[in-house]
Every structure is written in structure tokens, then in C-alpha cells.
Amino acid sequence: MPRTALAAVHDGRGNRLEIKEIQVADPGPGEVLVRLGASGVCGSDRHVLDGEWNLPSPTVMGHEGAGTVEAVGEGVTGLAPGDSVILSWYYPCRRCRACAAGKAWACTGTRAPECLLPDGTTRLRDGDDVVYPYLAVGTMSEYTVVPESAAVRIPSDVPFDVASLIGCSITTGVGAVVNNAKVPAGSSAVVVGCGGVGLAVIMGLALAGAHPIIAVDTAEEKLAAARSFGATHTLRAGDDVAAQVAELTGGGADYAFEVIGRVETIETLPSLLAPGGVGVLVGLPPEGAKAGIDVLELAEAGKTLIGSNYGGAVPSLDFPRLAELYLAGKLPLDSLISHRVRLDEVNEAFDAMRDGTRTRSVIVFD
């Protein structure tokens, strides 16, 4: 039987979300009904609200969530009611060439970017109208229905607010370090942008044994947070950052991570690198954004720029690993959450994100 749920819905106009009651159908074959315990407030949602990315609407926002399995559809064998799960916003089809190669983040068979389940539909309604779950998960709702491959079981003693962050920001940031860049111990690194994902990159660098770890941001509050998560040096963003990085590293960093998604900072990334260094593009820009890079300088110095999507993660493997690292005290994820808010406070949380005044807000459901 369909159930009702309160959800944060975007109607495709303006940057505000409406808290309204929607209907959530039972899970179909291969699907899972999840009662959300928490949902992160992430910059990818803001891109949609601010008109920088286009999606079908109306849309239940949120793609960073964790909760409890309430029911499973026919054919689901890997999950059962009562399991604690983290939701993956890029569910793999498990059949395409990328999936067969172990690259779930590059799956070409998923319909997640269309905000659709594998059968091309959704389980959400507002009366007779279809409602789309953002990236096929729509975590800013009390309930959601997802494919089995989008729900990854974790230990039940991981709090849902922490677990929700593993669903996106932590996996993206730590994964950019260990999966994409494969940073060796003792390497120097600089991180441009110290929001939630940037701080996760810093945690990943500390975990990998990088040194020095240089954090760059405009906000002193975020730089202070960066120091608490493992940054050895912090710099206020400005024209002389490249010179300061060169001085601290003896000629440039081995690795540089751009975690904002701004064309202006992407274009400066090569200037932060030593010859042979690797720049990692983690932040996501608006659709159609193009950056100008001095290609000759890049080629002559043997520098490399690589893209990072979802931290190069395989959620079924990486989510449990990160959860275990948290439980072992290796990832201080509790400290990343600066504000725990109610669903009806979600617009204020996005406003704070735009102002750069919070590290990370997490919606906590009753």
C-alpha cells in the first residue's frame, strides 16, 4: 500500500524548496523501500536550486542519505527489513562494460542522472502527478524507493547523520585521494576549497600520510576546520597562493585538489603543481562551464589534470570500508557536521551554504 511522506520538493522555479506531503508506492521487483534517518545538504543540490543544472521537475531533492530498510521487492536477496543502509546516488546497472571493469562510478547503464529507476519510472507521486527523486534517491523525504544496487548495508552502530555523509561528500573526497590520485605517503598536497567535500579530501590526505597538507579558502572558520582535520598549513585565497605553496613545498605541490567547481580556481590549479604534479578536479561547475589552461606549460612540465567522479568509488565496497574506518576512529566524521537541522529548515541550510557560513548541515528525521 502506498504511504505518505513529508519531502522537500523543488518545482523547477526559483531556489526555494516546499515541504509537502507526497505518496510513496511499495517497492517493485529489485527495489527497496527505505525510511530515511538523515540526509546531507550538499552543493550538488544547490546547483539545481540555483538553476546551474537542469533536471525534470517536480523533484524531491537530496542525494546524500542513510536509513533503514522497511521493505524489499521481489527478487531482492542482499537486503532485508531492518538493515541499516547508505544510499548511492549513482546506482550501477551491474551489466555494462564499466561495471564489469569494476568502475561503478562510470556506469553507462544507470538512469540515475535522469532521476529514474531502472524501469524508467519513479515510485513517488503528488496526487496524480509524477514526482522525480533527485539522482534516483531523493533523500530529503521521510521515505524513498531505490534499486537494490543503490542501497549498501553498513554496521548498525554507525549513526545515520554520519552515514549520510559517506553517501556522497566523504566518499567523493576520500576517494579522490585514494582511488583517483592514489597519493603516496609523504607526498605534498594542496586543497583549494574547504567545504564539506574539501575537508573530506583533507581527511583522505591525512589518512594516506601526505605531508605537507596545505588548505586554501577565503573563510577563516573553514581554515580552522581544515587544521582540525589534518591540514598542516592554511592559506587565505589570493593572488600569491601559488608563490606561498611553492615556498612551503620547495617548488610546488605533488598533488592539488580543486574542490569548489569555479572556473577561476580550476584555471589556477596547474600553477600550484610541481613539475610532474597531478591536479584533481573534484568540484563540479555549472553546466557548460569551460576553463582556459596554458596547455604548453602543462605539457612541458609534465603536469596532469584528472577528473574525479564520486571519488572513483565502488559504493558496495567503499561505503562499508569508510564506515569501518569511522568506527575505528580513523575518520572523525562527527566533527564534520556543524548543524543538524529539521526538514523544514532546509532552505535556511542552503542559504547558509551560499553564504559559506557552515561546514556541513545534515537533516535529521525523527
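Structure: above.
Residues numbered from 1 in each chain as written. Predicted model: local features only at pLDDT ≥ 70, side-chain atom pairs only at ≥ 80, totals over all residues. Heavy atoms only, no water.

Enquirer: Describe helix α11 (residues 346–355), and please don't skip the residues or the numbers.
Expert: Among all positions of α11, only Val 346, Asn 347, Ala 349, Phe 350 and Ala 352 are buried. Next to the buried residues of α11 lie β1 (3–10), β2 (18–24), α1 (43–49) and β18 (361–364). Positive phi shows up at Gly 356, right after α11, with a value of about 70 degrees. (Buried < 20%, exposed > 50% of the residue type's maximum accessible area, 1.4 Å probe, protein only. Helix = DSSP H or I, 4+ residues; strand = E, 2+ residues; numbered from the N terminus. Contact = heavy atoms within 4.5 Å.)

Enquirer: Quick one: what's the story with the layout of surface pockets, residue by residue and with numbers?
Expert: Empty space within the second largest pocket amounts to approximately 280 Å³. Among the residues making up the lining of the second largest pocket, the classes are represented as six nonpolar, three polar and six charged. (1 Å grid on protein atoms, 1.4 Å probe; cavity = no way out; pocket = protein on both sides within 12 Å on 5 of 7 lines; lining within 4 Å. Points joined across faces, edges and corners; volume = space filled by probe spheres on them. Nonpolar A, V, L, I, M, F, W, Y, C, P; charged D, E, K, R; others polar.)

Enquirer: An account of the packing of aromatic side chains is requested, with residue identities and associated values reported.
Expert: Scanning the entire structure with this criterion turns up three aromatic pairs. On the basis of an interplanar angle of 70 degrees and a centroid distance of 6.0 Å, the ring pair of Trp 89 and Tyr 90 is categorised as edge-to-face. The same class applies to Trp 89 as to Tyr 90, namely buried. Three or more aromatic residues joined by ring pairs make a cluster, and in this case those are Trp 89, Tyr 90, Tyr 310 and Phe 319. Positioned above the aromatic ring of Tyr 143, the side-chain terminus of Arg 3 is 5.2 Å from the ring centre. (Phe/Tyr/Trp six-rings, centres within 6.5 Å; stacked < 30°, edge-to-face > 60°. Lys NZ or Arg CZ within 6 Å of the ring centre and 35° of its normal.)

Enquirer: Talk me through the side chain of Ser 361; I want residue IDs and the actual numbers.
Expert: Within the secondary structure, Ser 361 sits in strand β18. The exposure class assigned to Ser 361 is buried, which follows from its relative accessible area of 4%. Here Arg 358 takes part through its side chain, which lies 3.0 Å from a polar atom of the side chain of Ser 361. Ignoring any residue separated from it by four or fewer positions in sequence, one finds Ser 361 in contact with Gly 40, Val 41, His 339 and Ala 349. (Polar contact = N/O pair within 3.5 Å; in protein donor to acceptor, adjacent residues only side chain to side chain.)

Enquirer: Please provide a residue-by-residue account of the packing of helix α4 (residues 169–181) against helix α10 (residues 315–327), values included.
Expert: At a minimum axis distance of 11 Å, the contact between α4 and α10 shows a crossing angle of 100 degrees. When the axis of α4 is compared with that of α10, the two are roughly perpendicular. Together, Ile 170, Thr 171, Val 174 and Asn 179 of α4 and Asp 318, Phe 319 and Leu 322 of α10 make up the contact between the two elements. Each residue belonging to the contact of α4 with α10 can be placed in one class, and the counts come to four nonpolar, two polar and one charged. (Axes fitted to C-alpha atoms, helices over the stretch in contact; angles between N-to-C directions. Parallel < 35°, antiparallel > 145°, perpendicular 65-115°, else oblique.)

Enquirer: For the pattern of salt bridges, give the residues involved together with the corresponding values.
Expert: The full count for this structure, using the stated rule, is 20 salt bridges. Here Glu 52 ties to Arg 46 by a salt bridge, and the two come within 3.5 Å at their closest N and O atoms. One salt bridge connects Arg 354 with Asp 351, and the closest N-O pair in it is separated by 3.0 Å. Of this pair, Arg 354 and Asp 351 both sit in helix α11, three residues apart, roughly one helical turn. Taking the relative accessible area as the measure of exposure, Arg 354 reaches 28% and is therefore partly exposed. Residue Asp 351 is classed as partly exposed on the basis of its relative accessible area of 27%. If you follow the salt bridges from partner to partner, you end up with Arg 16, Arg 46, Asp 50, Glu 52, Asp 351 and Arg 354 in one network. (Salt bridge = Lys/Arg side-chain N within 4 Å of Asp/Glu carboxyl O.)

Enquirer: Could you give an account of the sheet that holds strand β15 (residues 273–281), naming the residues involved and the relevant values?
Expert: The strand order across the open sheet built from six strands is β13-β12-β11-β14-β15-β16, with neighbouring strands paired in parallel fashion. The open sheet has two edge strands, β13 (233–236) and β16 (304–307), and neither has a second partner. Neighbour-to-neighbour, the strand axes of this sheet turn through a mean angle of 20 degrees, independent of strand direction. By the bridge criterion, four bridges tie strand β12 (residues 213–217) to β13 in an arrangement that is parallel. The residue bridging Val 216 from the neighbouring strand is Leu 235, located in β13. Running at roughly 165 degrees to β13, helix α7 (residues 241–249) makes contact with β11 (189–192), β12, β13 and β14 (253–258) of the sheet. (Pairing = 2+ DSSP bridges.)

Enquirer: A description of the environment of Pro 159 should follow, citing residues and the corresponding values.
Expert: By the element assignment, Pro 159 lies in the loop between β10 (151–153) and α3 (160–166). Overall, the relative accessible area of 31% leaves Pro 159 in the partly exposed class. Distance in space between the C-alpha atoms of Pro 159 and Ala 66 is 9.0 Å, their sequence separation being 93 residues.

Enquirer: Go over the nonpolar core with me, naming the residues and quoting the values.
Expert: Core analysis: the largest hydrophobic core is formed by 92 residues, its most contacted members being Met 140, Ile 170, Ile 202, Leu 205 and Phe 257. In contact with Ile 202, other than residues within four places in its own chain, are Val 191, Cys 194, Ile 213, Ala 215, Ala 226, Phe 229, Gly 230 and Ala 231. If you look at the next biggest cluster of nonpolar residues, it comprises 12 residues, including Val 192, Ile 214, Val 245 and Leu 273. (Core = buried A, V, L, I, M, F, W, Y, C linked by side-chain atoms within 4.5 Å.)

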